[in-house]
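One letter stands for each residue in the lines below.
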Amino acid sequence: MSKRKVAYYYDSDVGAYTYGLGHPMKPHRIRVTHDLVTAYGMLDKMHILKPKRASPEVMSSFHTDEYVHFLTNVTPETADKLTYSGTRFLVGEDNPAFDGLFEFCSISAGGSIGAAQRITSGAADIAINWAGGLHHAKKREASGFCYINDIVLGVLELLRTYPRVLYIDIDCHHGDGVEEAFYTTDRVMTCSFHKFGEYFPGTGSHEDRGRGKGKGYAVNVPLKDGITDESFKSVFRPIVTRILEVFRPSAVVLQCGADSLAGDKLGCFNITMHGHASCAQFLRKQNIPLIMVGGGGYTVKNVARTWAYETACALGIEDDIDPMLPWNPYFEWFGPRYRLEVPQNNMEDLNVKDGSIDIVREKVLEQLQSLHGPPSVQMQDVPRESLGQHLGFSKDDESAKDELDKELAQHVQYVYDLQTGDTTTDESSESDHSWDSDDSLSSGSNTRWRQGTRSPRLSSPSATRVNGRNGASKRKRMSLLTGQYFDIPLQENGYEHYDPCAPPDGDGDRDAAGNSSVKRRFFMSLPPESGWDSLAGGGGYGVDDIVSMRRGIINGYGHYDFGSFVNGGAGVDVEGDDDADDDDEGMVVD
């Protein structure tokens, strides 16, 4: 086997973070994995790199500015206030606001972005980031222990150079966040092998195949409890082989979630370490640029064993390492056998018992058969640096910006959002390409969208606003910890929970045609107790008048008191003096 150039990303700080006492997600497992890799002497066979931590601007290439800004500011003490009593951003018990949350996210995202850059530059054939793989994070919401979707950010970096990218997910849970992000494009094919049924996140039906231009490029392989190595290989290898023939990816991202291993605390599969690693071995033999990231995995010692072994697979030395574990700082954790193995248990394979494994394989291969060759895309040279960097201006250099720059930038963005806020409410006028990755695919049932029973657009905020007059005010989310469904309110004092800039839904705010008469606002995230009246012409003040009033108060990224002028302009002095009460103290506007 030819020698491959392997890049390995690791930040020693990543193991110091904790989700909290009793939480099953343990970032410390990455530290244990690294020490095991070190003990086996693999470090001198790879390029060891410390990832550059991702900045908020980089994260905003997928996530919303408002959500990223929230992550940079949230602490355990302010979580209840900033999430509006747990109804936004961090919903449920799965995603606590722990100390150092943003730093942890920046390490995870920075590693996957750096791995993608290493691949596209040709400096590595295989890149590894075990701190990544957080595939559940949504555009503006944390989900399933995941806050920032490092996989999406890494794939976006790959797409700057490569025309097609294949994403493969072998986590026990469906890779819903990545699938939703690329649901309407044929440049990224997502393939997820996962448990399907009454199981988090409740999505991943075979019927979910993509939409619009991306129809057919979302591949889901729903499995049942107890799948073994033989059964898993019988679906993985033929399906991935067919995908490689039809899609011809320029690069592959493999999410190596270890909760699909036998004996995992939250998993329900019966796959051994060698069966899990066979996926990495298979893809390595294809000689396609490969990124390997982590993911789930809640039995720490088994996660460390498997990821260390898969690191050896990336190096091509898995047959040379000793199955008896060498001494390492966590040696006693691996007792009583002290071996590099995760054996099967006596769990029954329901996939073979009812013959569903053959049906699933046939359906997926039939779906792939309908695709007609690899999609093409016009590519052009991507400069390694931006125009600003080429001219000597750094985007992140705050010293190069003065107060006028910040004020004008905010003014332009604010006015732009006001002018483009009104959107059509005619659902029939929406094309298949109107999908937004923020439009969650979860409908609260196992079969996400059943044909003839639920329109996919109904799960989106805008569609719920259209149909809100029929009584739709909540949607379902599943908890990874408890497996229970819970309701998420879509309205907060007249504003949609997932669309904070959307206008109220009341009849008094609509014209004769039923369209909203209120413009969207820029980053108007309000506490539930604060009410808002229309800005458009409210109290005789227009948009430019209101912005001019605030020009005397704006001072960079600070705190604002908009409540003084939304109620008919009362209490506002055009000179910039505000005698109204500061009802919205603590509200930060970017």
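What counts, and where the lines are drawn
Residues numbered from 1 in each chain as written. Predicted model: local features only at pLDDT ≥ 70, side-chain atom pairs only at ≥ 80, totals over all residues. Heavy atoms only, no water. UniProt positions renumbered as here; feature names shortened; annotations may be inferred. Helix = DSSP H or I, 4+ residues; strand = E, 2+ residues; numbered from the N terminus. Buried < 20%, exposed > 50% of the residue type's maximum accessible area, 1.4 Å probe, protein only. Contact = heavy atoms within 4.5 Å. Areas by Shrake-Rupley, 256 points an atom, 1.4 Å probe, with all protein chains shown as cover. Pairing = 2+ DSSP bridges. Axes fitted to C-alpha atoms, helices over the stretch in contact; angles between N-to-C directions. pLDDT = per-residue confidence, 0-100. Expected span 1.5 Å × (residues − 1). Polar contact = N/O pair within 3.5 Å; in protein donor to acceptor, adjacent residues only side chain to side chain. Phe/Tyr/Trp six-rings, centres within 6.5 Å; stacked < 30°, edge-to-face > 60°. Salt bridge = Lys/Arg side-chain N within 4 Å of Asp/Glu carboxyl O. Core = buried A, V, L, I, M, F, W, Y, C linked by side-chain atoms within 4.5 Å. Right-handed = clockwise from strand over helix to strand, strands pointing away. Parallel < 35°, antiparallel > 145°, perpendicular 65-115°, else oblique. Left-handed = near helix turned anticlockwise from the far one by under 90°. Nonpolar A, V, L, I, M, F, W, Y, C, P; charged D, E, K, R; others polar.

In the annotation of an unreviewed UniProt entry, the entry for the protein chain reads histone deacetylase, and the organism field reads Gymnopilus junonius. Under Subcellular location (unreviewed entry), UniProt gives the following word-for-word description of the protein chain: "Nucleus". You can read under Sequence similarities (unreviewed entry) in the UniProt record for the protein chain the words "Belongs to the histone deacetylase family. HD Type 1 subfamily."

1. A short note on the overall build of the protein chain
Along the backbone of the protein chain there are 17 helices and 12 strands. Counting all 590 residues of the protein chain, 55% fall into the buried class. Taking the contacts inside the protein chain whose residues are at least 6 apart along the sequence as the reference set, 75% of them involve residues at least 24 apart. Carbon and sulfur atoms provide 49% of the accessible area of the protein chain, an area that totals close to 24700 Å².

2. Brief notes about the sheet that holds strand E5 (residues 188-195)
Strands sit in the order E2-E1-E3-E8-E7-E4-E5-E6 across an open sheet of 8 strands; the sheet is parallel. Where the open sheet ends on each side, the last strands, each with one partner, are strand E2 (47-49) and strand E6 (218-223). Strand-to-strand, the axes of this sheet are offset by a mean angle of 15 degrees, without reference to chain direction. Of the pairings in the sheet, the one linking strand E3 (residues 126-129) to strand E8 (residues 290-293) comprises 4 bridges and is parallel in character. Bridging across to E8, Ile 126 finds its partner in Leu 290. Of the strands in this sheet, strand E1 (6-9), E2, E3 and E8 touch helix H5 (residues 101-120), which is tilted by about 175 degrees from E3.

3. Some points on the pairing of E6
Along E6, 6 of the 6 residues are buried, which leaves the element largely enclosed by surrounding structure. Residues Ala 218, Asn 220 and Pro 222 line one face of E6 and the alternating positions Val 219, Val 221 and Leu 223 line the opposite face, and both faces are buried. Here E5 runs beside E6; their pairing, made up of 6 bridges, is parallel. When the sheet's bridge partners are listed, Ser 192 is paired in E6 with Asn 220.

4. What to know about the environment of His 28
As for its placement among the helices and strands, His 28 is situated in helix H1 (residues 28-39). The class of His 28 is partly exposed, set by a relative accessible area of 26%. Sequence separation between His 28 and Thr 18 is 10 residues; the distance between their C-alpha atoms is 7.6 Å. Once residues within four sequence positions are removed from consideration, His 28 is found in contact with Gly 15, Tyr 330 and Trp 333.

5. Description of the confidence of the model for the protein chain
Atom-level detail of predicted coordinates should not be read off regions where pLDDT is low. Looking at the protein chain as a whole, the pLDDT averages 78, with 68% of positions reaching at least 70. Predicted confidence is poor over residues 442-473, with pLDDT under 50, and the contacts of this stretch with residues over four places away or in other chains come to 82 contacts. Below a pLDDT of 50 lies the segment residues 491-544, which in the model reaches 137 contacts outside its immediate sequence neighbourhood of four places, other chains included.

6. What about H5?
Look at H5: 29 Å from first C-alpha to last across 20 residues, which is about the 28 Å you get at 1.5 Å a residue. When you tally the buried positions in H5, you get 17 out of 20 residues, the bulk of the element. Remark: Gly 122 follows H5 within two positions and exhibits a positive phi of approximately 85 degrees.

7. Description of the side chain of Lys 138
Secondary-structure assignment places Lys 138 in the loop between E3 and helix H6 (150-159). Within the structure, Lys 138 has its side chain in polar contact with the side chain of Asp 176 (distance 2.9 Å).

8. Focus on the packing of aromatic side chains
Evaluation of the coordinates by the stated rule reveals 18 aromatic pairs. Here Phe 145 and Tyr 298 contribute two aromatic rings whose centre-to-centre distance is 5.7 Å and whose plane-to-plane angle is 85 degrees, an arrangement assigned as edge-to-face. With Phe 145 in the loop between E3 and H6 and Tyr 298 in the loop between E8 and helix H10 (300-315), this residue pair connects regions lying 153 residues apart in the sequence. The pair formed by Phe 145 and Tyr 298 is uniform in burial state, with each residue classed as buried. Following the ring pairs from residue to residue traces out a cluster consisting of Tyr 17, Tyr 19, Phe 98, Phe 104 and Tyr 147.

9. Overview of the pattern of salt bridges
This model, assessed by the stated rule, comprises 15 salt bridges. A salt bridge links Asp 44 to Lys 45; the nearest nitrogen and oxygen atoms lie 3.8 Å apart. Through salt bridges that share partners, Asp 11, Asp 13 and Arg 53 make up one connected network.

10. Observations concerning the nonpolar core
One finds Tyr 147, Ile 168 and Phe 193 to be the most contacted residues of the largest nonpolar core, which totals 133 residues. If near-sequence neighbours (up to four positions away) are discounted, Tyr 147 is found in contact with Tyr 19, His 63, Tyr 67, Leu 71, Leu 90, Asn 95, Pro 96, Phe 98, Leu 101, Cys 105, Ala 137 and Ala 142.

11. Description of the pairing of E5
Taking burial as the measure, the 8 residues of E5 include 8 buried ones, the bulk of the element. On E5, burial covers both faces: Val 188, Thr 190, Ser 192 and His 194 on one face and Met 189, Cys 191, Phe 193 and Lys 195 on the other are all buried. In the sheet, strand E4 (residues 165-169) pairs with E5 via 5 bridges, with the strands oriented parallel. The residue of E5 that forms the bridge with Ile 168 is Cys 191. For the segment spanning E4, helix H7 (residues 176-181) and E5, crossover handedness is right-handed.

12. Considering H6
In terms of burial, H6 is a largely internal element, 9 of the 10 residues being buried. Among the residues of H6, those classed as buried are Asp 150, Ile 151, Val 152, Leu 153, Gly 154, Val 155, Glu 157, Leu 158 and Leu 159.

13. Some details on the packing of helix H9 (residues 273-284) against H10
It is the contact of H9 with H10, at a shortest axis distance of 9 Å, that shows an interaxial angle of 25 degrees. As far as their axial angle goes, H10 and H9 are roughly parallel. Judged by the twist between their axes, the crossing of H9 over H10 is right-handed. Here Met 273, His 274, His 276, Ala 277, Gln 281 and Arg 284 of H9 come into contact with H10, specifically with Arg 305, Thr 306, Tyr 309, Glu 310, Cys 313, Ala 314 and Leu 315.

14. Comments concerning the packing of H1 against H10
Closest axis-to-axis distance for the H1/H10 pair is 8 Å, and the angle between their directions is 45 degrees. Considering the angle they form, H1 stands oblique to H10. Like other packed secondary-structure pairs, H1 and H10 cross with a definite hand, here right-handed. Within the contact between the two elements, H1 uses Arg 29, Val 32, Thr 33, Leu 36 and Val 37 and H10 uses Val 300, Val 303, Ala 304, Arg 305, Trp 307, Ala 308 and Thr 311. Here the contact of H1 with H10 is built from residues that sort into 8 nonpolar, 2 polar and 2 charged.

15. Some thoughts on unusual backbone geometry
Along the chain, Phe 200 connects to Pro 201 via a cis peptide bond; the corresponding omega equals 0 degrees. Within the secondary structure, Pro 201 is located in the loop between E5 and E6. For the peptide bond that leads from Gly 335 to Pro 336, omega is 5 degrees, which places it in the cis range. Counting through the fold element by element, Pro 336 comes out in the loop between H10 and helix H11 (350-353). Positive phi, close to 55 degrees, is recorded for Tyr 84, a residue that is not glycine. Within the secondary structure, Tyr 84 sits in the loop between helix H4 (79-82) and H5. Of note, the phi angle at Ser 85 is positive, near 60 degrees, even though the residue is not glycine. Within the secondary structure layout, Ser 85 lies in the loop between H4 and H5. Assessed through its relative accessible area of 54%, Ser 85 is described here as exposed.

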